[in-house]
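Here are the chains, one letter per residue:
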Amino acid sequence: MTRAATLVVSAGLFLALGAPARAEEPKVAGTDVPAPHRTKFVAPAYPVEAQMRGLRGIVILELIIDEQGHVATADVIRSVPPFDEAALSAARQWEYEVTQVDGHPVRVRVTVPITFALKLPEMTRAEGIPEMRQGAAPAFPPGMEGPARVVAEVTLLADGSVAEAAVRSGESPWAEGLLLALRTWRFAASPEGTEVGFTVQADFVSPGRPGQPPKVELRLTDPRRRDLAAPAAAAPTAAASPLATPAPEPAATPAPEGRTAQAPPAAPSPEPAPVPPSVTPAPPSASPAAPSASPAAPPIEVISGPAVAPPPSPPPPPGFSAVRDVALAVGVPDLVKGRRPVVPPVARMASANGEVLVTFSVDAGGTSSVQKVDGPDLLKEAARQAVVSWAFRRTTAERIFLSAVFTFQGDQARADVRRAE
């Protein structure tokens, strides 16, 4: 057979057998073919950082299911960054029933939404503590083994948000885990317009048997209430500032407005009649000296509400400290880990007491660098070593300058941190 004949025969065989077929486009589930039934499901793991911050969201994935029912590819078409990788990792392990068209298995394109939502943490709550409406459970620190206990004091504003949280006992990283969870908590508002304080005890318990997850047992006890209306004029605290402005009420007590001025002092609501709704537009035009009542005159009748006029701008809350015996002032970022203040043995033996001032800076990564230490020689090194070990949570890139005042008294030591002047 000649060479030309051989080429012709080869070409004929190639055409007869067919060239390699292009992969067909996947069928679209719900349009071209029915949505396949999922036969194997793996639940996405809730990211620990997102759980501690109380984050939630919906990630939408596009999956290609191959002819064997496995997930061939998985892509994010709606991203919620804390959850994307967890959603993809779980979806790649799913399996589906095989979809057939005319008796032949085909690939299928499926769109799947995955919802990440936290359920409220389980807890025991003493009578008098408002019901929790939102929040995450403290996360068990990765790689750590319990048991461990952290006790914190919490103060709520009248709207149910956490105004202040301070660790009374417990060490890092357990204390940090509880504080991060507390920042996500929100409770039912107080109808009486009062602050509510209580104690939170968190017990971190290791699993009793292999395969069991660790758990955190929460107990909310010792409720305490403080009425914001009476001491408002004498207590302009940061925590109470959103509610402690019944101070404008003295402007309503003199009666030149022509209104029944008994309504503001008589907070319980026995006098809705002397101030009918039809009269409420009068005060702004009748009295130019009543800007504190503002155009929001109707809230005067809403006795259960907060103040008549909103405060100008509440100061930011102080940072959260996960290190025991360290208090942070307003404007100081969260202290997430480090050594607690401790009286050095030599100073204890010498009965040395006093204060040490440490001036230091914190870079964008949260690392502390000591600049100056002033105080008794027996106490200076202990304060310096504590500050060097501290790590702060930073959200901005600029370097900040702080000062810490260490107070050593007998066997007790504490530190107060504020912005450097």
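In this report, we go over the structure that sits alongside the text. What you see is a predicted model; the values in this text were computed from it and never measured.

1. Describing the overall build of the protein chain
Now for step 1: Across its full length, the protein chain holds seven helices and 22 strands.
Now for step 2: Looking at the 421 residues of the protein chain, the share that counts as buried comes to 37%.
Now for step 3: For the protein chain, contacts bridging at least 24 residues in sequence account for 65% of all contacts bridging at least 6.

2. Quick look at unusual backbone geometry
Now for step 1: In this structure, proline 173 follows serine 172 across a cis peptide bond, with omega equal to 5°.
Now for step 2: Phi at aspartate 222 takes a positive value of approximately 55°, unusual for a residue other than glycine.
Now for step 3: Of note, aspartate 222 is situated in strand S15 (residues 215-227).

3. Digging into the nonpolar core
The nonpolar side chains of a soluble globular protein tend to be buried, and buried together.
Now for step 1: The biggest cluster of nonpolar side chains holds 29 residues, and the ones touching the most others in it are Val154, Leu182, Trp185, Phe198, Val200 and Phe204.
Now for step 2: Counting only elements with at least two residues in this core, the list comes to strand S11 (148-156), strand S12 (162-169), helix H4 (174-182), strand S14 (194-205) and S15.
Now for step 3: The element that contributes the greatest number of residues to this core is H4, accounting for six residues.
Now for step 4: The residues contacting valine 154, other than those within four sequence positions of it, are Val162, Glu164, Ala165, Leu182, Val196, Gly197, Phe198, Val200 and Arg224.
Now for step 5: Listed in part, the 27 residues of the second largest apolar core include Val332, Val362, Ala383 and Trp390.

4. Let's talk about empty space enclosed by the protein
Now for step 1: Under the defined criterion, the tally for this structure stands at two cavities of 30 Å³ or more.
Now for step 2: In this structure, the second largest cavity encloses a volume near 60 Å³.
Now for step 3: Around the second largest cavity, the lining residues are Glu176, Leu179, Leu180, Arg183, Phe320, Ser321, Ala322, Asp334, Leu335, Val336 and Arg393.
Now for step 4: Those elements giving two or more residues to the lining of the second largest cavity turn out to be H4 and strand S17 (335-337).
Now for step 5: By residue number, the principal contributor to the lining of the second largest cavity is H4, which donates three residues.
Now for step 6: Taken together, the residues of the lining of the second largest cavity sort by class into six nonpolar, one polar and four charged.

5. Looking at the packing of aromatic side chains
Now for step 1: One pass over the structure, following the stated rule, counts 14 aromatic pairs.
Now for step 2: Centre to centre, the rings of phenylalanine 187 and phenylalanine 198 are 5.6 Å apart; their planes meet at 65°, and the pair counts as edge-to-face. With phenylalanine 187 in strand S13 (residues 186-187) and phenylalanine 198 in strand S14, the pair connects residues that are eleven residues apart, well separated along the chain. Assigned by exposure class, phenylalanine 187 and phenylalanine 198 land together as buried.
Now for step 3: Ring centres of tryptophan 390 and phenylalanine 406 lie 5.8 Å apart, and the angle between their planes is 15°; this geometry places the pair in the stacked category. Of this pair, tryptophan 390 sits in the loop between helix H7 (377-389) and strand S20 (391-392) while phenylalanine 406 sits in strand S21 (residues 400-409), and the two are 16 residues apart along the sequence.
Now for step 4: Judged by its relative accessible area of 1%, tryptophan 390 is buried.
Now for step 5: One aromatic cluster in this structure is built from Phe360, Trp390, Phe392, Phe406 and Phe408.
Now for step 6: Its guanidinium or amino end placed over the ring of tryptophan 94, arginine 38 lies 4.4 Å from that ring's centre, counting from NZ or CZ.

6. Quick look at the pattern of salt bridges
Now for step 1: Across all of its chains, the model carries 18 salt bridges by this definition.
Now for step 2: Measuring nitrogen to oxygen at the nearest pair gives 3.8 Å for the salt bridge that ties glutamate 171 to arginine 340. Pair noted here: glutamate 171 is in the loop between S12 and H4 and arginine 340 is in the loop between S17 and helix H6 (345-349), with a separation of 169 residues, a long-range link.
Now for step 3: On the basis of relative accessibility, which here comes to 28%, the residue arginine 340 falls in the partly exposed class.
Now for step 4: In this structure, the salt-bridge partner of glutamate 217 is lysine 215, at a minimum N-O distance of 3.4 Å.
Now for step 5: In this structure glutamate 217 comes out as partly exposed when scored by relative accessible area, which is 37%.
Now for step 6: Overall, the relative accessible area of 48% leaves lysine 215 in the partly exposed class.

7. Let's talk about the pairing of strand S8 (residues 108-116)
Now for step 1: Only one face of S8 is buried: it carries Val108, Val110, Val112, Ile114 and Phe116, and the other face, with Arg109, Thr111, Pro113 and Thr115, is open.
Now for step 2: Where strand S1 (residues 27-28) meets S8, two bridges bridge the pair, whose relative direction is parallel. Bridged to lysine 27 within S8 is valine 108.
Now for step 3: Note: strand S3 (residues 57-65) against S8, nine bridges, orientation antiparallel. The residue of S8 that forms the bridge with isoleucine 64 is arginine 109.

8. Focus on the sheet that holds S3
Now for step 1: Overall, mixed pairing links the four strands, which are arranged S1-S8-S3-S4 in an open sheet. Two strands lie at the open edges of the sheet, namely S1 and strand S4 (71-78), each paired on one side alone.
Now for step 2: When S3 meets S4, the two strands line up antiparallel, connected through six bridges. Within the sheet, the bridge partner assigned to glutamate 62 lies in S4 and is aspartate 75.
Now for step 3: Those strands touched by helix H3 (residues 84-91) are S3, S4 and S8, and its axis lies near 35° from that of S3.

9. Section: H7
Because an α-helix completes one turn every 3.6 residues, residues spaced three or four positions apart along the sequence face the same direction.
Now for step 1: Of all the positions in H7, only Leu379, Ala383, Ala386 and Val387 are classed as buried. Relative to the axis of H7, the buried residues are bounded by an arc of 95° and lie together on one face.
Now for step 2: Buried residues along H7 sit in contact with H6, strand S18 (354-362), strand S19 (368-374) and S21.

10. Things to note about H4
Now for step 1: Most of H4 is tucked away: nine of the nine residues are buried.
Now for step 2: Residues Trp174, Ala175, Glu176, Gly177, Leu178, Leu179, Leu180, Ala181 and Leu182 constitute the buried set of H4.

Reading the values: the criteria
Residues numbered from 1 in each chain as written. Predicted model: local features only at pLDDT ≥ 70, side-chain atom pairs only at ≥ 80, totals over all residues. Heavy atoms only, no water. Helix = DSSP H or I, 4+ residues; strand = E, 2+ residues; numbered from the N terminus. Buried < 20%, exposed > 50% of the residue type's maximum accessible area, 1.4 Å probe, protein only. Contact = heavy atoms within 4.5 Å. Core = buried A, V, L, I, M, F, W, Y, C linked by side-chain atoms within 4.5 Å. 1 Å grid on protein atoms, 1.4 Å probe; cavity = no way out; pocket = protein on both sides within 12 Å on 5 of 7 lines; lining within 4 Å. Points joined across faces, edges and corners; volume = space filled by probe spheres on them. Nonpolar A, V, L, I, M, F, W, Y, C, P; charged D, E, K, R; others polar. Phe/Tyr/Trp six-rings, centres within 6.5 Å; stacked < 30°, edge-to-face > 60°. Lys NZ or Arg CZ within 6 Å of the ring centre and 35° of its normal. Salt bridge = Lys/Arg side-chain N within 4 Å of Asp/Glu carboxyl O. Pairing = 2+ DSSP bridges. Axes fitted to C-alpha atoms, helices over the stretch in contact; angles between N-to-C directions. Arc of directions from axis to C-beta.

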